[in-house]
Amino acid sequence: MSEQKDITILAIESSCDETAASVVVNGRTVLSNEISSQIDIHTLYGGVVPEIASRRHTERINQVIRRAMEEADRSFAQLDAIAVTCGPGLVGALLIGVSAAKALAFGTGLPLIGVHHIEGHISANFIAFPELEPPFACLVVSGGHTHLVRVSDYGEYEILGRTRDDAAGEAFDKVARAIGLGYPGGPKIDQAAKLGNPEAIHFPRGRVADSAYDFTFSGIKSAVLNYLNQMDVKGEAIRVNDVAASFQQAVVDVLVGHAMEAAEQYGFRRLALAGGVASNSALRRQLRAACGECGIDFFCPPPVLCTDNAAMIGSAAYYEYRRGVRSGYDLNAVPNLQLGERVSALRRGGVE
Amino acid sequence: MKLLSIETSGQVCGVALLDGDTLTADYNVQYKKTHSQSLVPMLDEIRSMCGLELSSIDAIALTGGPGSFTGIRIGAATAKGLGLALAKPLIPVPTADSLAYNLYGTENRVICPLMDARRSQVYTGFYEFVRTENPREETAREEASQEETSREAALLLRVLRPQCAVSVEETAAALNALGREVIFLGDGAPVYRERLRELMTVPHFYAPPHLARQRAASTAALAMQFYREQGETCFVDPDSFRPEYLRLSQAERERAAGIDTSQVVRRQKTPGITVCPVSVRPISVRPMEERDVVQAAALESLCSAEPWSAEEYRASLGLSYASYYVAVVSEPSGKLRSEKLPSGKLPSGREAGEKPAGETETVVGVCGVRKLGGDGEITNVAVHPDFRRQGMARRMLERLIRDGRQNGITAFTLEVRAGNAPAIALYEGIGFRTEGVRPGFYSEPAEDALIQWLR
């Protein structure tokens, strides 16, 4: 690939509550990475309000794209493709990025590439670690997703395990709300847990009966809620920091346990972490330690590349571009798009 | 002037190309397929069919709302992206205006587009075409030597009532009050046809299928008309354009209404993203200030057959014997409002680079009292249709009464339509009792007024 012409891609991401755009060269070099967060407004509601998110995306999308182009010092004529997250995510939110990206592709005549959001999260590792190449395993943990994935080649993914109920980040949000820490739950629990005893309360580590690597977090969440109710009935005060630390430890144990069991069975030499919950300090620390004990190379991108961003979409899009993948103008937002799913509508009638 | 037009506000997905007075293409589809999948392929089709060089377009016209929230956003995001790619401005057209423009030539009749807004409401507006001086008078005068007088005239769309979200009952009452023939169109027309048959007292008609829905060509033609009348002031920068929803989101309404939804967990189809509102900040009630009068008048025009104007409110604020109150919803972030940004001075996309959020207050309730001796005559009580039945009027009145008693008012009185059961229940709940009747006091429709007192 090194002798080929540089490929510069403008990528757009609007799947949840961040409006983001980025210009990425050859999937690894980030020229700009603009993110307009809506966290202030959603905090008022204790969670993402889809209609408000969609409205905010509509207002910000052009500014964010323009800013990304200006920071990258590129014109549309200097681009090779437009990429956009087409799923999974909130459909109304996704539609803003998808509609804008299609209009940009149509207006400029550039090829269009629809990208899977999780493929983006995994690809954040390509940006952070230039030496990292497939094959490797990746644990993707975010507010909406929990996947254990084998990346056998660029654009080739095999899901080894996924959550059967709540995503890990979702459990963080719900528990944070229950113990009065508020939204967003991940960072708040992480912070509170640093002051608490992770062994103060034992919450059960759930397992899925018929699958070695699928996850379940609803049991842990329910156990926390039951504990809170019991304490309430007894009229005893809870120690928020201890509950946060004990809950977080249960989730981290499950994530690390599954990842290490899979690493042993499949013989992974490299394990990457991705997704918003990858910023969780306990998860990073304990997964790094576990990998160290087993002689596995551990990769984890910096937090700005873990939470939703468009640079990761630009990276994933580059490898799709190299594989000849192009999307048609009928590209749609697919809220439940499965990883690795080659939806014909997404790839049909590609334009270049 | 060459306009590309986009129409996605309702069930129709449409694109059109208007080049001066020539409608080069007009492509509308009313079918189940999502606008998201259809819109750009349709644009691409007219581009290739008409050999359109996209860079030759001067502006992009679109219906700017109201309509389906998702639909208008698909059109908005597409128009914004296209404007960005081509460095061209947008010309947004109010959706109801665009619909009304379908019916050019219906002089003397009121045009009433109806879009189903759900929750027993319609997005509507009232329009008429009025004869105007020959727009080509200048030319005609020059040619006067050849031709004695020109018989050419033009009809211009006039807005009788700007687009709004109201109940079909209020719409019918207001149309009946106008006393003119009405033509209905839009996707709300079939939905409310039965109800309108009961409510309407003036002759009314329904537009035939080829005129009855949004059309990209009408949006384009009306945008062209805007350009001819206003020049470039009708242009909107694609970066700062925001659709007109005419409504807050459900979460904002509930929060504003003080409904504690913390136990409600909204679940999207997408697994994992949970919405769970926590502490809900209630609406605040405070004395009316100068800055509120325009909003207060606009609110009253939604609620009253004889609304006070902003000037009347402004004048009343200066009266020592009168007190007015507003209920306001604070929109949490000023950043929601897209300020028109000077070109080249775009805000950073990052939160850190942004100024602290301001608060924008929206007036959703108004009430007022005049002190006459020891009596307080309550002159206005109005609550925005979206915020009714949520205890807001009661809160405003309780504040009014508390302050009034401190200012020496010993008894309060008001008049209410005999048929306005919700209002009567509210007033009786506060302690008002009916002590008299004014027969036939109200018009449109004629109705008795109950005189109530709180002593």
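Predicted model, so just to flag it, every value in this text is computed and none were measured.

## Regarding the packing of helix H8 (residues 240-266) of chain A against helix H9 (residues 281-294) of chain A
Packed helices, taken two at a time, are described by the angle between their axes plus the distance between the axes.
Residues and elements named next belong to chain A.
Right, so step 1: Packing of H8 against H9 leaves a shortest axis separation of 10 Å and a crossing angle of 35°. Remark: the crossing between H8 and H9 carries right-handed chirality. Residues Gln 248, Gln 249, Val 252, Asp 253, Leu 255, Val 256, Ala 259 and Met 260 of H8 touch H9, and the partners they reach there are Ala 282, Leu 283, Gln 286, Leu 287, Ala 290, Cys 291 and Cys 294.
Right, so step 2: Residue composition of the contact of H8 with H9, grouped by class: 11 nonpolar, 3 polar and 1 charged.

## Re the side chain of A:Glu13
All names here are of chain A.
Right, so step 1: In this structure, Glu 13 sits in strand S1 (residues 8-13).
Right, so step 2: For Glu 13, a relative accessible area of 0% translates into the label buried.
Right, so step 3: Among the polar contacts listed, one links the side chain of Glu 13 to the side chain of Ser 15, at a separation of 2.6 Å.
Right, so step 4: The residues touching Glu 13, leaving out its near neighbours within four places in the chain, are Glu 18, Thr 19, Ala 20, Thr 85, His 117, Asp 308, Asn 309, Ala 310 and Ile 313.

## Structural notes on the pairing of strand S7 (residues 121-132) of chain B
Residues and elements named next belong to chain B.
Right, so step 1: Of all the 12 residues making up S7, 9 are buried; the element is thus mostly covered by neighbouring parts of the structure.
Right, so step 2: As defined by bridge partners, strand S6 (residues 110-118) adjoins S7 across 5 bridges and the pair is classed as antiparallel. Each residue of the ladder has a partner; that of Arg 118, found in S7, is Gln 121.
Right, so step 3: The antiparallel hairpin formed by S6 and S7 contains 2 residues in its connecting segment, where Arg 119 sits at a positive phi of about 50°.

## Re the domain arrangement of chain A
All names here are of chain A.
Right, so step 1: With domains assigned, chain A is organised as domain 1 (8-123 + 306-349) and domain 2 (134-300).
Right, so step 2: Taking the mean C-alpha position of each, domain 1 and domain 2 sit 27 Å from one another.
Right, so step 3: Opposite the 23 residues of domain 1 that make contact, domain 2 presents 21 residues.
Right, so step 4: When domain 1 packs against domain 2, close to 1,700 Å² is buried across both sides, 68% of that on carbon and sulfur atoms.
Right, so step 5: Glu 156 serves as the salt-bridge partner of Arg 323, at 3.2 Å between the closest nitrogen and oxygen.

## Concerning the sheet that holds S6(B)
Across a sheet, strands are paired by hydrogen bonds formed along the backbone, either parallel or antiparallel in direction.
All names here are of chain B.
Right, so step 1: Pairing is mixed in the open sheet, where 5 strands are placed in the order S8-S7-S6-S9-S10. Every interior strand has two partners, whereas the edge strands, strand S8 (154-167) and strand S10 (204-206), have only one. Taking each pair of neighbouring strands and ignoring which way they run, the sheet shows an average axis angle of 25°.
Right, so step 2: Two elements, S7 and S8, share 11 bridges in a ladder whose sense is antiparallel. Note that in S8 the partner of Val 122 across the bridge is Val 166.

## A closer look at the packing of helix H2 (residues 50-72) of chain A against helix H2 (residues 69-86) of chain B
Right, so step 1: Two elements in contact, H2(A) and H2(B), have axes whose closest approach is 10 Å; the angle formed by their N-to-C orientations is 5°. One finds that H2(A) runs roughly parallel with respect to H2(B). Across the interface between the two elements, A:Glu51, A:Ser54, A:Arg55, A:Thr58, A:Glu59, A:Ile61, A:Asn62, A:Ile65 and A:Arg66 of H2(A) pack against B:Phe69, B:Arg73, B:Ala76, B:Lys80, B:Gly81 and B:Leu84 of H2(B).

## Quick word on the pairing of strand S7 (residues 146-153) of chain A
Residues and elements named next belong to chain A.
Right, so step 1: Of the pairings in the sheet, the one linking strand S6 (residues 136-141) to S7 comprises 6 bridges and is antiparallel in character. Within the sheet, the bridge partner assigned to Phe 136 lies in S7 and is Val 151.
Right, so step 2: Counting the residues that bridge the hairpin from S6 to S7 gives 4 residues.
Right, so step 3: For S7 and strand S8 (residues 156-162), the ladder comprises 6 bridges, and the chain directions are antiparallel. What sits directly across from Val 151, in S8, is Tyr 157.
Right, so step 4: Counted between consecutive antiparallel strands, the loop separating S7 from S8 contains 2 residues, among which Gly 155 sits at a positive phi close to 75°.

## Re the packing of aromatic side chains
Residues and elements named next belong to chain A.
Right, so step 1: One pass over the full model with this rule turns up 19 aromatic pairs over all chains.
Right, so step 2: Each ring, one from Phe 172 and one from Phe 247, has its centre 5.2 Å from the other, and the planes form 75°; the classification is edge-to-face. Within this pair, whereas Phe 172 is found in helix H5 (residues 168-178), its partner Phe 247 is found in helix H8, the two being separated by 75 residues in sequence.
Right, so step 3: In this structure Phe 172 comes out as buried when scored by relative accessible area, which is 2%.

Criteria and thresholds
Residues numbered from 1 in each chain as written. Chains lettered and ligands numbered in written order. Predicted model: local features only at pLDDT ≥ 70, side-chain atom pairs only at ≥ 80, totals over all residues. Heavy atoms only, no water. Axes fitted to C-alpha atoms, helices over the stretch in contact; angles between N-to-C directions. Helix = DSSP H or I, 4+ residues; strand = E, 2+ residues; numbered from the N terminus. Left-handed = near helix turned anticlockwise from the far one by under 90°. Contact = heavy atoms within 4.5 Å. Nonpolar A, V, L, I, M, F, W, Y, C, P; charged D, E, K, R; others polar. Buried < 20%, exposed > 50% of the residue type's maximum accessible area, 1.4 Å probe, protein only. Polar contact = N/O pair within 3.5 Å; in protein donor to acceptor, adjacent residues only side chain to side chain. Pairing = 2+ DSSP bridges. Domains from an automatic or database assignment. Buried area = accessible area lost by both parts, 1.4 Å probe. Salt bridge = Lys/Arg side-chain N within 4 Å of Asp/Glu carboxyl O. Parallel < 35°, antiparallel > 145°, perpendicular 65-115°, else oblique. Phe/Tyr/Trp six-rings, centres within 6.5 Å; stacked < 30°, edge-to-face > 60°.

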